[in-house]
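# An overview of the molecular structure
Spelled out from the first residue to the last, the chains are:
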Amino acid sequence: MGLLSDPSRRKVLTGLLTRLNTPICIVCYLAGIVWFMGLAFEPFTLRTYMSENAMGSTMVEERFSSGERALSLAKEFDAHKRKAGGMPVEWLVKAMQSRGLEVFTQSFSRKLPFPDENKERYMVRGTNVYGILRAPRAPRTEALVITAPCSPGNTNNQAVALLLALAQYFRNQIYWAKDIIFLVNEHDLIGTQAWLEGYHHTNITGMEYSPLQGRAGSIQAALSLELSSDVITSLDLVLEGLNGQLPNLDLANLFYAFCQKLGVLCTIQGKLQRNDWDTAEGYTHAAQTMMLMVLKQACGRSWGDHGLFLRYHIEAASVRGINSFRHYKTDATTIGRLLEGMVRKLNNLLERLHQSYFFYLLPSLSRFVSIGYYMPAFGLLAVILLLRALDLWVHLGAPALAPSCHCFSVSLQPSSPGVLTVLTPVVISHLTGVALYLLPVHLQEMAVEHFPVSETEAVVLTAIAIYTAGLALPHNTQRYTHRLILMQFILRYMFTLLKLTALLYLAVLLGCTALINFSLGFILAVTLVPITASITPHMPKALYALVMVLLSPAFTILYCVFIYQELIEAPVSVSEGWMLFLSVISQGILDHALYGSLVYPLLALFIYPCWLMFWNILFWN
Amino acid sequence: MNYCNLITIFAFINLLVSIPHGYSNYVETKAGQFFSSGHTNNWAVLVCTSRFWFNYRHVANTLSVYRSVKRLGIPDSHIVLMLADDMACNYRNPKPATVFSHKNMELNVYGDDVEVDYRGYEVTVENFLRVLTGRLPPSTPRSKRLLSDDRSNILIYLTGHGGNGFLKFQDSEEISNMELADAFEQMWQKRRYNELLFIIDTCQGASMYERFYSPNLMALASSQVGEDSLSHQPDLGIGVHLMDKYTFYLLEFLEEVHPASQANMNDLFKVCPQSQCVSTPGHRTDLFQRDPGSVLITDFFGSVRKVEITKDTINLTSPVEPPIKRSGSSDIQIESLTYVDQLPVAEIIHQQDCLEANVTRCRRKQQRTRKLNCQVVEKQTA
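Before going into details, it helps to say that this report is about the structure given with it. Quick caveat: nothing in here was measured; it's all calculated off a predicted structure. (Residues numbered from 1 in each chain as written. Chains lettered and ligands numbered in written order. Predicted model: local features only at pLDDT ≥ 70, side-chain atom pairs only at ≥ 80, totals over all residues. Heavy atoms only, no water.)

Take the sheet that holds strand β12 (residues 282-284) of chain B next. Residue and element names in this part refer to chain B. If you trace the seven strands from one edge of the open sheet to the other, you get β3-β2-β1-β4-β8-β9-β12, paired in mixed fashion. At either end of the open sheet lies a strand with only one pairing partner, and these are β3 (118-119) and β12. Strand contacts of helix α5 (residues 245-255): β4 (152-159), β8 (195-201) and β9 (217-221), with the helix running at about 130° to β8, the strand carrying the most contacts. (Pairing = 2+ DSSP bridges. Helix = DSSP H or I, 4+ residues; strand = E, 2+ residues; numbered from the N terminus. Contact = heavy atoms within 4.5 Å. Axes fitted to C-alpha atoms, helices over the stretch in contact; angles between N-to-C directions.)

All names here are of chain B. Between its first and last C-alpha atoms helix α2 (residues 56-71) spans 22 Å; for 16 residues at 1.5 Å apiece the expected length is 22 Å, and the two agree. α2 sits mainly inside the fold: 13 of its 16 residues count as buried. After α2 finishes, the residue Gly73 shows a positive phi value of roughly 120°. (Expected span 1.5 Å × (residues − 1). Buried < 20%, exposed > 50% of the residue type's maximum accessible area, 1.4 Å probe, protein only.)

Let us now look at the nonpolar core. Counting residues in each nonpolar core, the largest one holds 199 residues, and the members touching the most others are Phe170(A), Phe182(A), Trp195(A) and Phe255(A). Sort the elements by how many residues they give to this core and helix α19 (residues 599-618) of chain A lands first, with 15 residues. Every residue in contact with Phe170(A), bar those within four places of it in the chain, is listed here: Leu133(A), Ile146(A), Trp176(A), Ile180(A), Phe182(A), Glu340(A) and Val343(A). Membership of the second largest hydrophobic core comes to 53 residues, among which are Ala44(B), Leu63(B), Tyr157(B) and Ala263(B). (Core = buried A, V, L, I, M, F, W, Y, C linked by side-chain atoms within 4.5 Å.)

Between chain B and chain A, the contact holds 17 residues from the first and 20 residues from the second. When chain B packs against chain A, close to 1500 Å² is buried across both sides, 59% of that on carbon and sulfur atoms. The interface formed by chain B and chain A includes zero salt bridges. Where chain B touches chain A, the interface holds eight residue pairs in polar contact (both at pLDDT 80 or more). (Buried area = accessible area lost by both parts, 1.4 Å probe. Salt bridge = Lys/Arg side-chain N within 4 Å of Asp/Glu carboxyl O. Polar contact = N/O pair within 3.5 Å; in protein donor to acceptor, adjacent residues only side chain to side chain.)

A few words on the side chain of Lys245(B). Residue and element names in this part refer to chain B. Take Lys245: it is sitting in helix α5. At 8.5 Å, Asp244 is the nearest oppositely charged side chain to Lys245, a buried residue that forms no salt bridge. Here Ser231 takes part through its backbone oxygen, which lies 3.4 Å from a polar atom of the side chain of Lys245. (Lys, Arg positive; Asp, Glu negative; His and termini not counted.)

Right, let's talk about the state of the cysteines for a bit. Applying the stated criterion to the full structure yields one disulfide over all chains. Each disulfide pairs two cysteine sulfurs, and for Cys272(B) the partner residue is Cys277(B), the sulfurs being separated by 1.6 Å. Handedness here is read from the sign of the S-S torsion; for Cys272(B) and Cys277(B), about 95°, the answer is right-handed. Like Cys277(B), Cys272(B) is buried. Lacking any disulfide linkage, Cys259(A) is separated from the closest cysteine sulfur, that of Cys266(A), by 3.9 Å. (Disulfide = S-S within 2.5 Å.)

So yeah, pure geometry; function would need other evidence.
Printed below as a string of structure tokens:
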């Protein structure tokens, strides 16, 4: 009784908790939002610095000079690409062999679950070509990868050509301590996935590929090049990878250091850095850059060919050349020198990059926010759920006896009937989630037969249909539940138990998500926490139903699409936004099937059922 | 005119008389200098404690001191060179088989005849202390031993990464200043040095000599406690820093020293002032008995054979002068320190006998015991 805790003290505390619960929750929510927005404010960020001692500063002499030769090679590559109607495998093999590399090819094929309308492919067959430059004196234990995609049309010719020019230059140097692999992959991400799976002897996505004949050792770092014009005005760095994973910050620091040394303009999220952090425009610029990174990280897809390397603990980044309307242009030789400097510094590494941060947000290339600074924003939101759960627990422990109840002869036993009836909504919500996960792809043929839509549209619309059908569930579950329990009082008590379970479940879910992919967890928390914390059956049902639907995960995705378009300065109208939204859903399902992205399963199997449980609570009677 | 002639002749005769007198004075001062330092051979222990490519400069530091020491006369058999990593043959070295100390590859300190005694993972704290104290297994070859005696001047040079009171060996262990001081005390008790010069080029190097307590030690460090020693120049072709500032200027100073130079320790203390080095070099001479101004650089860095050719006889009846008292030391009078007499058995056993009148028998017995003592001592140092 009063041995280890003081009951009167506890009563005071719980009374305080009950009384102040709502104000504290509101304060926490506002504090969380303000903290997040304040992360982009420059005095709260830290300047980036090189943490890895072995890489040192930009203390190398770059001597690469064959930029012009690379450009003429680009034209040759383009011509051969047109002639071959795809990837000119023989020409690439001969070109790499003449430069002294050990050349190998890998063929792969993959049938997508449904046609990809963005890239117009369904049955994908391709070949990867890669050449290995062996280190002249070192044992073949470690490797670096430089990759350029072979894209159809006019894109990325200069990237492949620069790759070959760099290979020729690197072959003449004797200071390589690691093997360097020059990879030209076809069908961008699918080719990279096939190559990586072949290299590491795994098969996680059901791809068919021929085994790799040549191998080089454990890969320490990778760089992906995307260059589509002879001259560029700036270089963009892309860091976000699959499932929101980011490479080590030292790679971004290395890129930035070399850009400064060679005088190349560098951007992140396509935005240049500004120096006026104390003005409103400066702050909004940094906030926009950070929001773009958050949105890109949250959607969990790989925004460059580098993104798939991160899963194998290979630090990788994509460097994209951008040609916009600026006066000062950079030529291919300077880009070659930048890459030469970066690869030479990566050559000096003794271990994998691990000294700097793996979890960070970048409001600009020279400033970063580490996990210790941004996690409290999410923590404040999660605390709301826990406070509410604590409040409900206190109510359950000492229920305020309803004076209108005639049934105090029945002792409250929160055992078997309670658990069973809480279990019903939980199980039914999760079954709906499983349906949302499995049915769209499996039922597409049936949908195509009955409706005049293409396969992609069928999948997406089936998903939306199942999502909406879940809204009608409470009526069904209520009927089932009513058969079990007839007492008003116990019914009222049941919703509290269900809400407590759902709140804890949501807290655990969001917590785990935020640990792995902070942006996804934070965005979901921002929309889900207010409604779930304040929901009860006693609210005005129509209004609250509308609010719940407007803040459901699907609408969160829609808002994110609109915000993203605003931030990249290409705002869209409502109908265009809706089409984008549909394509985002189809891309999400495809990413999950092709590369193992976890956002779609998370939303379908866990977040959506959780939201459905709260929807059930709203319609509890 | 007569007077002029007389004066000229008088001056000429004076000159003729004074020249041999001046010459014998000069020879006597030189002879006095013969025994001023008290050492007969020179040893050097040069240690680089850090590995990895980005610590190129520590290997270059050690090799440049090695080069100076060899140039000034200490042979490889008297140098114990410990290098923790091989920079010359590192895969990342664009000029294999070279280690440069000046940028633009002016000076290759690796050369053709570098003899490394302890290499790679053999450079450990245990091995370093065993070399200093002589406690090596019997199978250790001579090149890995410090075979010094009580008339050896030893130069010890350490470089690497250090901190307040420690020096890091190979990224996995440390030697503390107390351990080093105790090792030097062991060396003193085992009569393994006459005088010892200790130079250290690391961050906070002065902390390493704070705890010394054995006599005849002089120490120099590249930075004080709380300061970092900085590296000097990067070479962009090689991609690393080539030398540390202190050793760079030390090397420049030593390049001007030749075996006959009279530069003394006070000049060495002035190497790399704060304006050049950013850190403040420090030195410690309170345990040293001679005045640093009278200590030649070549007493430690070179192996100068004391040979003076003379055609005259020199009067050596005056005994060897005791060590010159340091000028400027105020109250503290350091007593002249000599080695404790080992195994004074003679006094213990024959004390009573010598009190008797039988002096000859006593003396003969003392001679016999002294011979025995010598044999015992020889066995110990073999």
